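Okay, here's what each chain looks like letter by letter:
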Amino acid sequence: MAQLRDCKRDASDGTVEALQKIVPAIRQRFGNKVRIIVRADSGFARDVIMAWCEDNAVFYCFGLARNERLGEQLKSNFEGLRVQIKEGKIESPCRKLYRV
């Protein structure tokens, strides 16, 4: 859902209110067992939005702004994970998330 805002507000303002309308409408149409995934960029990675999603059984995938220091600290973890996925020792989290 697109919403036009002035520059004095955070880009994520109104997101929880929008989700409170959209999620019940989706569940009413497709049933309560439907898996709803909210995907957004780092501007929406806010505690209040993530908490609402978790409280309402909505999956979310939010981007994070680049952070070189954190990237360096996690580099070996991601490389190890990549190797394990390639060797078939574990399943890619993306495949698991989108499996129907």
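Basis of the calculations
- Throughout, residues of each chain are indexed from 1 in the direction in which the sequence is written.
- In keeping with the model being predicted, local features are shown solely for residues with a pLDDT of at least 70 and side-chain atom pairs are shown and tallied solely at 80 or more, while totals for entire chains, interfaces and linings include all residues.
- The side-chain quantities take in all heavy atoms of the structure and omit both hydrogens and water.
- In this analysis, axes come from line fits to C-alpha atoms, helices being fitted only over the stretch in contact, and the angle between any two N-to-C directions falls in the range 0 to 180 degrees.
- Per the convention used, a helix needs a DSSP run of H or I reaching at least four residues, while a strand needs a run of E reaching at least two, with both numbered from the N terminus.
- For classification purposes, angles smaller than 35 degrees are called roughly parallel, those larger than 145 roughly antiparallel, those between 65 and 115 roughly perpendicular, and all remaining angles oblique.
- What makes a crossing left-handed is the near helix being turned counterclockwise from the far one by less than a right angle; a clockwise turn instead makes it right-handed.
- We call two residues contacting when some pair of their heavy atoms lies within 4.5 Å.
- Residues are grouped as follows: Ala, Val, Leu, Ile, Met, Phe, Trp, Tyr, Cys and Pro are nonpolar; Asp, Glu, Lys and Arg are charged; every other residue, Gly included, is polar.
- The set of buried Ala, Val, Leu, Ile, Met, Phe, Trp, Tyr and Cys residues whose side-chain atoms join them within 4.5 Å is what this entry labels a nonpolar core.
- When accessible area is computed with a 1.4 Å probe and restricted to protein chains, residues below 20% of their type maximum are described as buried, those above 50% as exposed, and intermediate ones as partly exposed.

Draft legend 1. Up close: the packing of helix 1 (residues 15-30) against helix 2 (residues 47-55). At a minimum axis distance of 10 Å, the contact between helix 1 and helix 2 shows a crossing angle of 20°. Relative to helix 2, the element helix 1 is oriented roughly parallel. The two elements helix 1 and helix 2 meet at a crossing, and its hand is right-handed. On the side of helix 1, the interface is formed by Thr15, Val16, Leu19, Gln20 and Val23, while helix 2 contributes Val48, Ile49, Trp52 and Cys53. Among the residues forming the contact of helix 1 with helix 2, the class breakdown is seven nonpolar, two polar and no charged.

Draft legend 2. The nonpolar core, seen in detail. Counting residues in hydrophobic clusters, the biggest one holds 12 residues: Val16, Leu19, Val23, Ile36, Val38, Ala40, Ile49, Met50, Trp52, Cys53, Val58 and Phe62. No other element matches the four residues that helix 2 contributes to this core. Once residues lying within four places of it in the same chain are set aside, the contact partners of Val58 are Val23, Arg27, Ile36, Val38, Trp52 and Cys53.

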